[in-house]
Amino acid sequence: MSHPAGGAASTGELHLPRGPLMLGIDGHELQDADRLRLQDPLVGGVILFTRNYASPAQLARLTASIAELRTPRLLIAVDHEGGRVQRFRDGFSAVPPMRALGTLWDRDVMAAAREATRLGWTIASELRGRGIDFSFAPVLDLDHGPSTVIGDRAFHRNPNAVAHLAAALHDGLRAGGMPAVGKHFPGHGHVAADSHVDLPVDPRAFAQLAADDLVPFAAMCRQGLEGIMPAHVVYPAVDPAPAGYSRRWLHEILRERLGFDGMVFSDDLGMAGARGAGDIVARADAALAAGCDMVLSCNDAAGADDLLARWRPQVHVDLARRAAQMEGWTPGPSPVNPSLRDEALLAEALRRPLSAEGGADRSGEAPRSRG
């Protein structure tokens, strides 16, 4: 695979395999403290947020400076789903919430699939042009109604609609040079509590989950989905531990039953739903023991420093291979031709009332409304 378009090949002298930790940084450019953290052997990637963005040119400089730190270069990720979870706005195309595609799917299935592919390519090609490897997308949760933190981030309530639209979006992401990360396994949309500030509990039996919420995840595993992020949600009928700390969910069900062989990223270890495992080191240990390949610490510099000082993980033998599959590549042409009709239908769907939106996210930044 080629180096990031708009970015740079790693030219540093520091040769280190990627570690199992992805960190956030504070500003628009790397500071000395950032460089020290990112050159630690435990680190394998960086997640960027709105606080790291001023302009497309600035973003390209930032990602190039990250890429130059070490070989192989650190993975660079962002949450760029569309709607209220789109970190970079000025200079990037406005991407609607995915629920607009679901609304269009109810009217014209094929037009919705074409628009999903077009939007996937737009997201990927624009991010790749500024040196980002991948976005934590698509959301594969079902819009059951109670979850405001999911809400219109979900494509639809119908699992078959979600599977169809996610697969189409994935086609566009790959054509645009980007792997995908499905979230939040095995499904966050049935609980009202927000795992950023609470520990949600979903009481349903496994048979109910398998027949409904797991359908899009299973379909995307068959399509070759590159990454998955588990939910900080407890499903006590399956395991008393949250899914992100559950070997039953991540190994027995995801790896063995669904056949997933890609990268598993924890959600942010600083979220309230993650804190039950203990301090930051205990949380990271629990996530890796359950089956995560890489853990996220997004907003807590002191916690990140604590991890770097005290965490001594046993790195999974497949980490290097799976991390390499998360590197972006040179974008190709859009796989769908622009259609004024499809775009008009999507714009009409966007004007219709969507699911309730709100809630926090792991950036620690205020959520944006759809405007």
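Below is a short write-up of the structure. Please read these numbers as outputs of a predicted model, since none were measured by experiment. (Residues numbered from 1 in each chain as written. Predicted model: local features only at pLDDT ≥ 70, side-chain atom pairs only at ≥ 80, totals over all residues. Heavy atoms only, no water.)

**A look at the packing of helix H5 (residues 159-175) against helix H7 (residues 214-223)**
Move 1: One way to put it is that H5 packs onto H7 with a least axis distance of 8 Å and a crossing angle of 30 degrees. Considering the relative orientation of H5 and H7, their crossing is right-handed. When H5 is examined against H7, the residues Pro 159, Asn 160, Val 162, Ala 163, Ala 166, Ala 167, His 170 and Asp 171 are found in contact with a partner set consisting of Val 215, Pro 216, Ala 219, Met 220 and Gln 223.
Move 2: Partitioning the contact of H5 with H7 into residue classes produces nine nonpolar, three polar and one charged. (Axes fitted to C-alpha atoms, helices over the stretch in contact; angles between N-to-C directions. Helix = DSSP H or I, 4+ residues; strand = E, 2+ residues; numbered from the N terminus. Left-handed = near helix turned anticlockwise from the far one by under 90°. Contact = heavy atoms within 4.5 Å. Nonpolar A, V, L, I, M, F, W, Y, C, P; charged D, E, K, R; others polar.)

**Quick notes on the pairing of strand E12 (residues 294-297)**
Move 1: The side-chain alternation of E12 yields two buried faces, one formed by Met 294 and Leu 296 and the other by Val 295 and Ser 297.
Move 2: Bridge count between strand E1 (residues 21-24) and E12: three bridges; the pairing is parallel. Looking at the pairing, Met 22 lines up with Leu 296 of E12.
Move 3: As paired elements, strand E11 (residues 263-268) and E12 share two bridges and run parallel to each other. Looking across to E12, one finds that Phe 265 is bridged to Met 294. (Buried < 20%, exposed > 50% of the residue type's maximum accessible area, 1.4 Å probe, protein only. Pairing = 2+ DSSP bridges.)

**Describing the nonpolar core**
Move 1: Counting residues in hydrophobic clusters, the biggest one holds 105 residues, and the most contacted among them are Met 22, Leu 48, Phe 134, Phe 136, Phe 185, Trp 249 and Phe 265.
Move 2: Setting aside residues up to four positions removed in sequence, Met 22 forms contacts with Gly 45, Val 46, Ile 47, Leu 75, Ala 77, Phe 134, Phe 136, Phe 265, Met 294, Val 295, Leu 296 and Ser 297. (Core = buried A, V, L, I, M, F, W, Y, C linked by side-chain atoms within 4.5 Å.)

**Focus on the packing of aromatic side chains**
Geometry of an aromatic ring pair is reported as the spacing of the ring centres plus the angle between the planes.
Move 1: Evaluation of the coordinates by the stated rule reveals ten aromatic pairs.
Move 2: A centroid spacing of 6.0 Å and a plane angle of 50 degrees characterise the contact between Phe 206 and Trp 249, whose relative ring orientation is tilted. With a gap of 43 residues between them, Phe 206 in helix H6 (residues 206-211) and Trp 249 in helix H8 (residues 247-257) connect regions that are remote in the sequence. The exposure classification of Phe 206 matches that of Trp 249, with both residues buried. (Phe/Tyr/Trp six-rings, centres within 6.5 Å; stacked < 30°, edge-to-face > 60°.)

**Concerning the environment of Pro 159**
Move 1: Relative to the helices and strands, Pro 159 is located in helix H5.
Move 2: C-alpha of Pro 159 to C-alpha of Leu 140: the two residues are 19 residues apart in sequence and 8.7 Å apart in space.

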